[in-house]
Amino acid sequence: MSAAAGTAQLPGLGSTLASGSEGPAPVRIVVAYGFWIFLLSDIIMFSALFASYAVLSGQTAGGPSGRTLFELRHVGIETLCLLFSSYTCGLGLLAIERRRLRDFYIAFAFTFVLGATFLGLELSEFTGLVARGAGPSRSAFLSAFFSLVGLHGAHVTAGLSWLIFLVAQTAARGPRDFVRRRLLCFSLFWHALDIIWVALLTLVYLMGAR
Amino acid sequence: MEERTAEHAAPSDERSGEGEPSGSLTGYTVGLAFALLLTGASFLVSQTDLLWAPGVPAGLAVLAVAQMGVHLVFFLHISTGPDNTNNVLALAFGVLIVALIVSGSLWIMANLNANMLPASAIMEMQR
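Residues numbered from 1 in each chain as written. Chains lettered and ligands numbered in written order. Predicted model: local features only at pLDDT ≥ 70, side-chain atom pairs only at ≥ 80, totals over all residues.

Participant: It is not clear to me how the overall build of chain B should be interpreted in this structure. Could you clarify?
Facilitator: Looking only at helices and strands, chain B features four helices and zero strands. Starting at the N terminus and walking to the C terminus, you meet the elements of chain B as α-α-α-α. Considering chain B as a whole, with its 127 residues, one finds that 18% of them fall into the buried category. (Helix = DSSP H or I, 4+ residues; strand = E, 2+ residues; numbered from the N terminus. Buried ≥ 20, exposed ≤ 12 C-beta atoms within 10 Å, placed from the backbone.)

Participant: Where do I start with the packing of helix α5 (residues 72-97) of chain A against helix α6 (residues 101-131) of chain A in this structure?
Facilitator: Relative placement of two packed helices is described by the angle separating their axes and the distance separating the axes. All names here are of chain A. Running from N to C, α5 and α6 cross one another at 160°; their axes reach a closest spacing of 8 Å. As far as their axial angle goes, α6 and α5 are roughly antiparallel. The two elements α5 and α6 meet at a crossing, and its hand is left-handed. Looking at side-chain class alone, the contact of α5 with α6 contains 15 nonpolar, seven polar and four charged residues. (Axes fitted to C-alpha atoms, helices over the stretch in contact; angles between N-to-C directions. Parallel < 35°, antiparallel > 145°, perpendicular 65-115°, else oblique. Left-handed = near helix turned anticlockwise from the far one by under 90°. Nonpolar A, V, L, I, M, F, W, Y, C, P; charged D, E, K, R; others polar.)

Participant: Got a minute to help me understand the interface of chain A and chain B in this structure?
Facilitator: A common measure of how large an interface is: the accessible area buried when the components associate. Contacts between the two partners involve 48 residues from chain A and, on the opposite side, 46 residues from chain B. Put simply, the parts of the chain that give the side of chain A that touches chain B at least two residues each are α2 (14-21), α3 (27-56), α5 and α8 (177-208) of chain A. At 17 residues, α3(A) tops the list of elements feeding residues into the side of chain A that touches chain B. The residue makeup of the side of chain A that touches chain B, split by class, is 32 nonpolar, 11 polar and five charged. (Contact = placed C-beta atoms within 7 Å.)

Participant: Looking at this model, I keep getting lost on the domain arrangement of chain B. Mind explaining?
Facilitator: Considered domain by domain, chain B is made up of domain 1 (22-77) and domain 2 (82-127). Computed over C-alpha atoms, the centres of domain 1 of chain B and domain 2 of chain B are 26 Å apart. (Domains from an automatic or database assignment.)

Participant: What's the story with the nonpolar core in this structure? I'm lost.
Facilitator: As a rule of thumb, soluble globular proteins bury nonpolar side chains together. Membership of the largest hydrophobic core comes to 63 residues, with the highest contact counts inside it found for A:I196 and A:L200. Mapped onto this core, the elements with two or more residues apiece are α3, α5, α6, α7 (140-173) and α8 of chain A together with α1 (25-47) and α2 (56-75) of chain B. At 18 residues, α8(A) tops the list of elements feeding residues into this core. Once residues lying within four places of it in the same chain are set aside, the contact partners of A:I196 are A:I43, A:F46 and A:H152. (Core = buried A, V, L, I, M, F, W, Y, C linked by C-beta atoms within 7 Å.)

Participant: Sorry, what's going on with unusual backbone geometry here?
Facilitator: Note on backbone geometry: most residues besides glycine have negative phi, and most peptide bonds are trans. Residues and elements named next belong to chain A. Phi angles above zero are rare outside glycine, and A61 is one such case at about 50°. Relative to the helices and strands, A61 is located in the loop between α3 and α4 (66-69). Despite not being glycine, R99 shows a phi value in the positive range, around 60°. Locating R99 in the fold gives a position in the loop between α5 and α6.

Participant: Can you walk me through the packing of α3(A) against α7(A) in this structure?
Facilitator: All names here are of chain A. In the contact formed by α3 and α7, the axes pass within 9 Å of each other and the chain directions differ by 155°. Looking at the two axes, α3 sits roughly antiparallel to α7. The crossing of α3 and α7 is left-handed. Facing F46, L49, F50, S52, Y53 and L56 of α3, the residues of α7 in contact are A140, F141, A144, F145, S147, L148 and L151. The class makeup of the residues in the contact of α3 with α7 is 11 nonpolar, two polar and no charged.

Participant: What am I meant to see in the environment of A:L206 here?
Facilitator: Looking at the secondary structure, you find A:L206 in helix α8. As a C-alpha pair, A:L206 and A:L72 span 134 residues in sequence and 7.7 Å in three-dimensional space. Those residues in contact with A:L206, other than ones at most four positions away along the chain, are A:L201, B:S42, B:S46 and B:L60.

Participant: Just to check I follow, could you spell out the confidence of the model for chain B for this structure?
Facilitator: Low-pLDDT portions of the prediction should not be read for the details of their coordinates. Of all residues in chain B, 83% attain a pLDDT of 70 or more, and the chain-wide mean is 82. Contacts of residues 1-20 of chain B to residues separated by more than four positions or lying in other chains number 24 contacts, the stretch itself having pLDDT below 50. (pLDDT = per-residue confidence, 0-100.)

The following block contains the structure:
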């Protein structure tokens, strides 16, 4: 208590000094920091694929280009699905922090359904492209397109299975500290996927369809 | 309050019930509104002639970066608070590496492309 009283006498610097004098940071902060570093390494991996797409996007080898292939209405719906699933994921996190389990389940059910809708739309786009003879082996442009967008889709798939696992764990173990930390990490992952989708939408679809 | 659990060396997060790093309902809703606005603007810019045509890629890039910023602040809660210094530094390093990879690849490949013989000429030389 004396330490707390000591820091209270230093207005302005109070919070900085307090976090230094209270010893190690809370587990929750440390876990989120570690997971944030993982996410940044994941984003760096994506940046390599973004670079290769940017280099190869003009190399269509006489095949179809993005202008003839991409349907922006379709892509717009995908974007909305992902954006709203990010939002409901955040709402679910708020609900579990306030121990409102029912709200949490509803929010994460929406997150799952919206994420699965996104994945279904992306798969239908991929099968449509392959059926039109524009598969990944057609040109360097399409190879780069399928690896970049496909890797994002693979991340969404992994996220959806993680979501099911975490909801089952919450049901079995209740909203304990470690469960809530895992849910925090999941929400960071899901929001980061949305950030990657923003870059993907702009570089691949909006610039490619012009 | 100063009790340490045997399981973890760091203090447990009993006091994080105030929703420290997980934001608020208004935060998420404002973030969603901004994101929707910026996404709509991106589609508008790319589909109409509102912007001078050669400037459209730059406009789209600006909108995308703005939206990424909105996601970082409102959804991932990257802020300038004292708890967040490490996160911001890691982000800055990540941005540096991403910029090096992307701009470096584009620069090198454009240079190679400009200096390389056409494929037909190479075939001619190998004959």
